[in-house]
Amino acid sequence: MITIENNIAHIEGTPKQLCLELTHLLVHIKKTLEKEYNMNEEQSMCIINECAKIAYMSDEDRVEYLNDFKEYV
């Protein structure tokens, strides 16, 4: 199971269970971006890909990137 509380992810389950849950979350995010924010598939995929890139950054780079990002939101 994947839950988020106070910006902290809590994860438990087998790799297969986590993969399935993450896939469901990504599908829901994609549908929400397209429906609620009128994005096309290419735009929503770009956002999801950017999130994946951020996830693979070092902790320091991620903090810096997200702090800079907050200035533009």
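What follows covers the overall build of the chain. The helix and strand tally for the chain stands at three helices and two strands. If you list the helices and strands of the chain from N to C, you get β-β-α-α-α. Evaluated residue by residue, the chain yields a buried proportion of 5% over its 73 residues. The long-range share in the chain, meaning contacts at least 24 apart out of those at least 6 apart in sequence, stands at 0%. For the chain, the accessible area works out to roughly 6,600 Å², and carbon and sulfur atoms hold 59% of it. Distance from the positive charge centre (7 side chains) to the negative charge centre (14 side chains) of the chain: 9 Å.

Attention now goes to the pairing of strand β1 (residues 2-5). Within a regular strand, side chains alternate between the sheet's two faces. Here β1 pairs with strand β2 (residues 8-11) via four bridges, running antiparallel. Looking at the pairing, Ile-4 lines up with Ala-9 of β2. Here β1 folds back onto β2, and the loop between the two strands holds two residues, one of which, Asn-6, carries a positive phi near 55°.

Here we come to the environment of Leu-20. With respect to the helices, strands and loops of the structure, Leu-20 is situated in helix α1 (residues 15-36). Overall, the relative accessible area of 47% leaves Leu-20 in the partly exposed class. Between the alpha carbons of Leu-20 and His-10 there is a distance of 16 Å; along the sequence they are 10 residues apart.

We now examine the environment of Asn-6. Tracing the sequence through the fold places Asn-6 in the loop between β1 and β2. Of the residues examined, Asn-6 reaches a relative accessible area of 71% and is grouped as exposed.

So, about the packing of α1 against helix α2 (residues 41-55). The interhelical angle for the contact between α1 and α2, taken along N-to-C directions, is 130°, at an axis separation of 9 Å. As summarised for this structure, α1 and α2 are arranged oblique, according to the angle between their axes. Read as a crossing pair, α1 and α2 show a hand that is right-handed. Contact with α1, carried on its side by Leu-26, Ile-29, Lys-30, Leu-33 and Glu-34, involves Glu-41, Ser-44, Ile-47 and Ile-48 of α2 and no other residues of that element. Within the contact of α1 with α2, the residues separate by chemical class into five nonpolar, one polar and three charged.

Two numbers describe how α2 lies on helix α3 (residues 59-70): the axes approach to 9 Å, and their chain directions differ by 135°. Looking at the two axes, α2 sits oblique to α3. Side by side, α2 and α3 meet where Glu-50, Ile-54 and Ala-55 of the first sit next to Arg-62, Tyr-65 and Leu-66 of the second. Per-class residue counts for the contact of α2 with α3 are four nonpolar, no polar and two charged.

About the criteria used
Every chain's residues receive numbers from 1 upward, in the order its sequence appears when written. Local features are withheld for residues below a pLDDT of 70 in this predicted model, meaning they are given only at 70 or higher, and side-chain atom pairs are given and counted only at 80 or more; totals for whole chains, interfaces and linings count all residues. Note: side-chain values were computed over all heavy atoms of the structure, leaving out hydrogens and water. Runs of E in the DSSP output that reach at least two residues are strands. Runs of H or I that reach at least four are helices, and both are numbered from the N terminus. Here the term buried applies to any residue with accessible area under 20% of the maximum for its type, exposed to any over 50%, and partly exposed to those in between, with areas from a 1.4 Å probe on protein chains only. In this description, contact between two residues means that some pair of their heavy atoms is separated by no more than 4.5 Å. Computed with the Shrake-Rupley method and a 1.4 Å probe, the accessible areas treat only the protein chains shown as cover for residues. Residues scored as charged are limited to Lys and Arg (positive) and Asp and Glu (negative), so that His and the chain ends carry no count. Each charge is placed at NZ for Lys, CZ for Arg, CG for Asp and CD for Glu. Here a strand pair is declared whenever DSSP counts at least two bridges between the two strands. The axes used here are C-alpha line fits, helices contributing only the stretch in contact, and every angle between their N-to-C directions lies in the interval 0 to 180 degrees. When describing relative orientation, an angle under 35 degrees is termed roughly parallel and one over 145 degrees roughly antiparallel, while 65 to 115 degrees is termed roughly perpendicular and anything else oblique. Take the far helix as the reference: if the near one is turned anticlockwise from it by less than a right angle, the crossing is left-handed, and if turned clockwise, right-handed. By the convention adopted, Pro, Cys, Tyr, Trp, Phe, Met, Ile, Leu, Val and Ala count as nonpolar, Lys, Arg, Asp and Glu as charged, and the other residues, Gly among them, as polar.

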